[in-house]
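Summary of the model geometry
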Amino acid sequence: MRALFIFIAAAVLSVISGCRPTSKSGDFSAVERGFVSVPDSIRTGVYWYWINDNITEDAVIKDLEAMKRVGIDRAYIGNIGLEGQLPYGKTKFMSDEWWRLTHLMMKKAGELGIEIGMFNSPGWSQSGGPWIKPEQSMRYLASTEMQVTGPQKLNVKIQQPTANFQDVKVLAWSVPTTYGQNLFDASGSRVTYSDAKMKAGDKGAKYVLPAGEKSYIDLILPQSVEARSLVIYPSGNIFTDCELQAKKGNDFVTVKKFNINRTNAAVNVGFEPYAPIAVSFSGCESSEFRLVFDNTMKKRDIPNGIANIILSPTPVVERFAEKSLAKMFQTPLPLWNDYLWETSPATDPSLPIDPTKVIDISQHLAADGTLSWDVPEGKWVIMRTGMAPTGVENSPAPPEGTGLEVDKMNKKHVSMHFDAYFGKIIERIPAEDRKTWKIVVADSYEMGSQNFTDGLIEEFKQRYGYDPVPYFPALKGFVIGSPDLSDRFLWD
């Protein structure tokens with residue numbers, strides 16, 4: 001069995017004058033001759049996958065000779081790792097033998113007149129490898145929030161939200177005493193269920209939705225309260241249609257309809273696999289609210305668990321997880337409208353956070369994460385923000401070629417990635433033996449999102465003419481200025 005595999009992805013033929021029909025009567029003989037004896041002006045390319053380290057000298061030579069024999073004059077090499085589909089061979093990626101065979105391949109291809117393209121990293125998606133350090137990888141703005149009451153002298157250690165965390169800013173802003181109230185936790189509130197099995201209380205799920213049937217959760221309050229937002233935190237995979245209703249007289253009326261889709265936990269569709277689902281609506285006053293779940297997916301590996309539900313008088317940025325790219329379309333191939341959202345509803349102007357009153361207290365944070373700050377009077381939210389790796393890796397690649405994806409927003413880090421891979425080819429293979437290497441291949445992009453990089457604050461100021469720092473809380477759903485202003489910042 002051949003050790004190398006040729007996948008013919010496409011043979012793109014350019015229409016030249018010699019291959020056109022000679023008359024309107026449909027004489028395609030010239031076209032036929034062009035297929036039988038392909039002219040030199042036509043280039044036929046193939047993907048040449050080196051799979052699971054199964055690479056030998058004999059196979060390299062025979063594959064190239066076979067290409068030449070059938071008129072293939074361009075080959076794109078991808079070093080691919082397919083777990084569980086084929087045993088791994090002995091020629092490990094970037095080992096001395098791999099380098100020897102890569103050198104041999106380029107020299108032989110040059111002798112045969114076959115152009116070579118190299119994928120820009122191991123695997124076919126996308127630009128990474130074991131040489132990428134966390135601080136050079138795709139990153140997002142992570143945060144840890146806490147609430148404190150002043151006046152007091154605060155001396156507390158704020159935990160990092162994740163490993164390999166690089167501090168950016170520590171922010172604080174004052175809020176009303178009722179800010180962020182959850183009506184499900186209100187004194188005297190009562191929760192009932194359409195199905196007794198819905199109250200789970202284990203494996204991180206506070207509620208588990210029965211699949212294949214309509215179900216609901218009722219929140220009964222001791223008095224009428226105005227609600228403005230709903231945030232649902234999944235405990236795992238979940239797919240369901242949801243409708244928030246409020247009781248008016250003897251009937252429940254619709255407040256908001258939306259879909260919950262958290263069926264793909266891979267980080268290449270968002271760096272927060274079980275990000276919350278947030279919706280906002282114009283103030284709705286009632287003493288009884290109902291959450292209706294329908295078309296809940298019936299599938300063994302979809303537990304449909306909910307870790308928490310927050311129904312609050314405080315507005316939130318609708319779909320903030322999607323708008324910050326913490327969660328993307330799940331396939332990950334979106335339709336044209338999957339990143340278009342409804343206009344956020346207006347809210348009481350007194351409720352959003354004034355961006356001019358979001359203060360930077362970064363200077364009070366010690367290297368060990370201890371914050372020493374004189375808290376002014378009132379209730380305050382403190383947010384420690386910083387860059388964290390999304391964790392996405394190039395794939396499908398052999399183990400020796402797998403690592404973090406490089407930061408796509410940073411020219412310096414991308415240049416380092418090219419130097420670490422293609423730079424080594426230039427160093428190790430003499431120029432006269434690699435003349436046939438003409439192409440760098442970026443095959444497909446399925447590596448998800450990032451929303452932060454080094455120097456972003458200054459570049460943002462230059463591009464958009466304002467400071468993004470006071471608006472950072474909008475990435476976590478806090479409404480800054482107004483719902484519309486928060487949305488506009490997230491688009492920027």
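Here, the structure is the one placed above.
Note that this is a predicted model, so its numbers are computed, not measured. (Residues numbered from 1 in each chain as written. Predicted model: local features only at pLDDT ≥ 70, side-chain atom pairs only at ≥ 80, totals over all residues. Heavy atoms only, no water.)

1. A short note on empty space enclosed by the protein
For the record, the criterion: Definitions used for this entry: grid spacing 1 Å over protein atoms alone; cavity, a set of points where a 1.4 Å probe fits but cannot get out; pocket, an open set with protein on both sides within 12 Å along at least 5 of 7 lines; lining residue, one with an atom within 4 Å of a point. Grid points are joined across faces, edges and corners, and a volume is the space filled by probe spheres set on the points. Nonpolar residues are Ala, Val, Leu, Ile, Met, Phe, Trp, Tyr, Cys and Pro. Charged residues are Asp, Glu, Lys and Arg, and all others, Gly as well, are polar. To qualify as a helix, a DSSP run of H or I must reach at least 4 residues; to qualify as a strand, a run of E must reach at least 2; elements of each kind are numbered from the N terminus.
One pass over the full model with this rule turns up 2 cavities of 30 Å³ or more. As for the largest cavity, its lining consists of R228, S280, F281, P315, V316, V317, E318, S344, P345, A346, T347 and P483. Taken together, the residues that form the lining of the largest cavity break down as 7 nonpolar, 3 polar and 2 charged. Computed from the structure, the second largest cavity encloses a volume of approximately 30 Å³. Going through the elements one at a time, β10 (215-234) and β13 (277-294) are the ones with two or more residues in the lining of the second largest cavity. Residues of the lining of the second largest cavity, tallied by class, amount to 8 nonpolar, no polar and 1 charged.

2. Focus on the side chain of Q245
This is how it is decided: The buried label applies to any residue whose accessible area, calculated with a 1.4 Å probe on protein chains only, is under 20% of its type's maximum; exposed applies above 50%, and partly exposed to all values in between. Side-chain atoms alone can form a polar contact between residues adjacent in sequence; in general such a contact is a pair of N or O atoms within 3.5 Å, and within protein one must be able to donate a hydrogen while the other accepts it. Should any heavy atoms of two residues lie within 4.5 Å, those residues are considered in contact.
Note on placement: Q245 falls in strand β11 (residues 238-248). Judged by relative accessible area, Q245 falls into the buried class, the value being 12%. Side-chain polar atoms of Q245 contact the side chain of E243, separated by 3.2 Å. The contact partners of Q245, leaving out residues within four places of it in the chain, are F252, V253, T254, V255, E288, F289, R290 and V292.

3. Remarks on the packing of helix α2 (residues 57-69) against helix α3 (residues 96-112)
Selection rule: Where helices are involved, their axes are fitted lines through C-alpha atoms of the stretch in contact, as for all axes, and angles between N-to-C directions lie from 0 to 180°. Angular relationships are summarised with four words: roughly parallel below 35 degrees, roughly antiparallel beyond 145, roughly perpendicular across 65 to 115, and oblique for the angles in between. In this scheme the crossing of two helices becomes right-handed for a clockwise turn of the near helix relative to the far one and left-handed for an anticlockwise turn of less than a right angle.
Two elements in contact, α2 and α3, have axes whose closest approach is 10 Å; the angle formed by their N-to-C orientations is 25 degrees. Classed by the angle they form, the pair α2 and α3 counts as roughly parallel. Classified by chirality, the crossing of α3 by α2 is right-handed. Where α2 approaches α3, its residues E57, V60, I61, L64, E65 and K68 are matched on the opposing element by R100, L101, L104, M105, K108, A109 and L112.

4. Considering α3
Put simply, the rule reads: Residue count minus one, scaled by 1.5 Å, sets the expected span of a helix.
An ideal rise of 1.5 Å per residue puts 24 Å on 17 residues; α3 measures up with 24 Å between its terminal C-alpha atoms. Where α3 is concerned, the buried positions are W98, W99, L101, T102, M105, M106, K108, A109 and L112. Check the buried side of α3 and you find it contacts β2 (45-51), α2, β3 (74-80), β4 (115-119), α5 (411-428) and β17 (437-441). One or two residues past the end of α3 sits G113, with phi positive at roughly 75 degrees.

5. Considerations on α2
This is how the line gets drawn: It is the directions from the helix axis to the C-beta atoms whose arc is reported.
With 13 residues, α2 ought to run about 18 Å at 1.5 Å a step, and its terminal C-alpha atoms sit 18 Å apart, in line with that. Within α2, burial applies to A59, V60, D63, L64, A66 and M67. Axial view of α2: buried residues confined to an arc of 160 degrees, hence all on one face. Among the residues trailing α2, G71 stands out with phi positive, at a value near 90 degrees.

6. Observations concerning a nonpolar patch on the surface
Formally: The residues that make up patches have over 30% relative accessible area and no salt bridge, and they are joined within 9 Å when like-charged or within 5 Å when they are Val, Leu, Ile, Met, Phe, Trp or Tyr. The protein chains shown are the only cover counted for residues, whose accessible areas, like all others here, come from Shrake-Rupley with a 1.4 Å probe. Any Lys or Arg side-chain nitrogen located within 4 Å of an Asp or Glu carboxyl oxygen qualifies as a salt bridge.
On the surface, L335, W336, L340 and W491 cluster together into a nonpolar patch covering about 590 Å² of accessible area. Residue position: W336 is located in the loop between α4 (320-323) and β15 (359-360). For W336, a relative accessible area of 75% corresponds to the exposed category.

7. Here's the deal with the sheet that holds strand β16 (residues 370-389)
Note the cut-off: Any two strands are treated as partners once DSSP identifies two or more bridges connecting them.
Judged by pairing direction, the sheet is antiparallel, and its 4 strands sit side by side in the order β5-β16-β6-β15 without closing on themselves. What marks the edges here is a single partner per strand, and that holds for β5 (139-157) and β15.

8. Considering the environment of Y216
Examined against the element boundaries, Y216 turns out to sit in strand β10. For the pair Y216 and T192, spaced 24 residues apart in sequence, the C-alpha to C-alpha distance is 8.6 Å. Not counting chain neighbours up to four residues away, the residues in contact with Y216 comprise T192, Y193, S194, M198, R290, L291, V292 and F293.

9. Overview of the pairing of strand β12 (residues 251-262)
Where β11 and β12 come together, 11 bridges link them in antiparallel fashion. Bridge pairing in β12 places A246 opposite V253. The antiparallel hairpin formed by β11 and β12 contains 2 residues in its connecting segment, where G249 sits at a positive phi of about 70 degrees.

10. Re the packing of aromatic side chains
Note the following rule: Only Phe, Tyr and Trp rings take part, Trp by its six-membered ring, and two of them pair if their centres are within 6.5 Å. Stacked means planes under 30 degrees apart, edge-to-face means over 60, and tilted covers everything else. Whether a charge sits over a ring comes down to the Lys NZ or Arg CZ being within 6 Å of the ring centre and within 35 degrees of the ring normal.
The tally for this structure, following the rule as stated, stands at 25 aromatic pairs. Pairing W341 with W491 gives two aromatic rings, centres 5.8 Å apart and planes at 50 degrees, and the pair type is tilted. Here the residue W341 occupies a position in the loop between α4 and β15, and W491 occupies one in helix α7 (residues 483-491), the gap between them amounting to 150 residues. W341 gets classed as partly exposed once you look at its relative accessible area, which sits at 29%. Chaining the aromatic ring pairs together yields one cluster made of F93, W98, W99, W131, F418, Y421, F422 and W437. The residue whose ring lies beneath R290 is Y216, and the NZ or CZ to ring-centre distance is 3.9 Å. For the cation-ring pair, R290 lies above F252, with the distance from its terminal atom to the ring centre recorded as 4.2 Å.

11. What about the packing of α3 against α5?
In the contact formed by α3 and α5, the axes pass within 11 Å of each other and the chain directions differ by 70 degrees. Here α3 lies roughly perpendicular to α5, going by the angle between them. Taking contact as the criterion, the partners of D96, W98, W99 and M106 in α3 are, on α5, Y421, K424, I425 and R428. Residue composition of the contact of α3 with α5, grouped by class: 5 nonpolar, no polar and 3 charged.

12. Details of the layout of surface pockets
Volume-wise, the largest pocket comes out at about 730 Å³. Only β5, β10, β14 (305-312) and α4 provide two or more residues apiece to the lining of the largest pocket. The biggest single contributor to the lining of the largest pocket is β5, with 5 residues. Partitioned by chemical class, the residues of the lining of the largest pocket number 19 nonpolar, 10 polar and 3 charged.

13. Notes on the side chain of S215
Tracing the backbone through its elements, the reader meets S215 in strand β10. Excluding residues that lie within four positions of it along the chain, S215 makes contacts with S194, M198, P210, L291, V292 and F293.

14. Describing the nonpolar core
Rule in force here: In this text, buried Ala, Val, Leu, Ile, Met, Phe, Trp, Tyr and Cys residues form a nonpolar core when linked through side-chain atoms within 4.5 Å.
Counting 31 residues, the largest nonpolar core has W48, L64, M105, I116 and M118 as the members making the most contacts within it. Breaking this core down by element, the ones donating at least two residues are β2, α2, β3, α3, β4 and α5. Considering each element in turn, this core owes the most residues, 7 residues, to α3. Counting residues in hydrophobic clusters, the runner-up holds 30 residues, among them A278, V317, F320 and I480.

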